[in-house]
Amino acid sequence: MQPRQFCTFFVDKVHFGIEVLEVQEVLKYHEMTRVPLAPDVIQGLINLRGQIVTAVDLRKRLDMPPRPSGKHPMNVVIRNGESHVSLLVDEIGDVLEANEEAFEPP
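Residues numbered from 1 in each chain as written. Predicted model: local features only at pLDDT ≥ 70, side-chain atom pairs only at ≥ 80, totals over all residues. Heavy atoms only, no water.

Draft legend 1. Here's a closer look at the side chain of Asn 75. Note on placement: Asn 75 falls in strand β6 (residues 74–80). Here the side chain of Asn 75 touches Ser 86 through a polar contact of 2.7 Å, side chain to side chain. The contact partners of Asn 75, leaving out residues within four places of it in the chain, are Glu 25, Val 26, Leu 27, Lys 28, Tyr 29, His 30, Ile 46, Ser 86, Leu 87 and Leu 88. (Helix = DSSP H or I, 4+ residues; strand = E, 2+ residues; numbered from the N terminus. Polar contact = N/O pair within 3.5 Å; in protein donor to acceptor, adjacent residues only side chain to side chain. Contact = heavy atoms within 4.5 Å.)

Printed below as a string of structure tokens:
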């Protein structure tokens, strides 16, 4: 069986990974447009080369403490069919390979 590749990232020192095939790109912090009346986890909207992408703050979504002031998040842009979403994370890790038997699905 072929190993799978995962794009890894950190949120409050917790290590996460998403399959590379689902990641469109990884970006530095982008200015966002706030969305009135949006849930707290929606940080705003990003204009990514003319495409509007919703930015989700993973710290808020996972009930973690707020990001330290003055520290900007990184964007991991995920593809889901025709739509895209940006996950706001603290730090980008490496691309790791894992065999099926080496990890547990969520």
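Structure's up, so let's keep going.
Draft legend 2. Spatial organisation of the packing of aromatic side chains. Here the structure, examined in full by the defined rule, presents one aromatic pair. Residues Phe 9 and Phe 16 carry aromatic rings whose centres are separated by 5.8 Å and whose planes lie at 20 degrees to one another, so their mutual orientation is stacked. Phe 9 gets classed as buried once you look at its relative accessible area, which sits at 3%. (Phe/Tyr/Trp six-rings, centres within 6.5 Å; stacked < 30°, edge-to-face > 60°. Buried < 20%, exposed > 50% of the residue type's maximum accessible area, 1.4 Å probe, protein only.)

Draft legend 3. A look at the layout of surface pockets. Reported here for the second largest pocket is a volume of approximately 240 Å³. For the second largest pocket, the lining is made up of 15 residues, of which Gln 43, Asp 57, Lys 60, Arg 67 and Pro 73 are closest to its centre. A per-class count over the lining of the second largest pocket returns seven nonpolar, two polar and six charged. (1 Å grid on protein atoms, 1.4 Å probe; cavity = no way out; pocket = protein on both sides within 12 Å on 5 of 7 lines; lining within 4 Å. Points joined across faces, edges and corners; volume = space filled by probe spheres on them. Nonpolar A, V, L, I, M, F, W, Y, C, P; charged D, E, K, R; others polar.)

Draft legend 4. Highlighting the pattern of salt bridges. This structure, assessed with the given rule, holds seven salt bridges. A salt bridge links Asp 57 to Arg 67; the nearest nitrogen and oxygen atoms lie 3.6 Å apart. With a gap of 10 residues between them, Asp 57 in strand β5 (residues 51–57) and Arg 67 in the loop between α1 (58–61) and β6 connect regions that are remote in the sequence. For the salt bridge of Asp 90 with Arg 67, the shortest nitrogen-to-oxygen distance reads 3.0 Å. (Salt bridge = Lys/Arg side-chain N within 4 Å of Asp/Glu carboxyl O.)

Draft legend 5. Quick look at the environment of Val 41. Take Val 41: it is sitting in the loop between β3 (23–27) and β4 (42–48). According to the relative accessible area criterion, Val 41 is partly exposed, its value standing at 22%. Each C-alpha atom of the pair Val 41 and Val 56 lies 5.6 Å from the other, and the pair is 15 residues apart in sequence. Among all residues touching Val 41, those that are not within four sequence positions of it are Ala 55, Val 56, Asp 57, Lys 60 and Arg 61.

Draft legend 6. Representation of the nonpolar core in the model. Core analysis: the biggest nonpolar cluster contains 11 residues, these being Cys 7, Phe 9, Val 11, Ile 18, Val 23, Leu 58, Met 64, Val 76, Ile 78, Leu 87 and Val 89. Among the elements of the structure, β1 (4–11), β6 and β7 (83–89) are those that each provide at least two residues to this core. No other element matches the three residues that β1 contributes to this core. If near-sequence neighbours (up to four positions away) are discounted, Val 89 is found in contact with Phe 9, Phe 10, Val 11, Leu 58, Arg 67, Pro 73, Met 74 and Val 76. (Core = buried A, V, L, I, M, F, W, Y, C linked by side-chain atoms within 4.5 Å.)

Draft legend 7. Up close: the sheet that holds β6. Taking strand neighbours across the sheet as the criterion, the five strands line up as β3-β6-β7-β5-β4 in an open arrangement whose pairing is mixed. The open sheet has two edge strands with one neighbour each: β3 and β4. Here the average twist between neighbouring strands, direction ignored, is 25 degrees. Taken together, the seven bridges between β6 and β7 define a ladder with antiparallel strand orientation. From the neighbouring strand, Arg 79 faces β7, where its bridge partner is His 84. (Pairing = 2+ DSSP bridges. Axes fitted to C-alpha atoms, helices over the stretch in contact; angles between N-to-C directions.)

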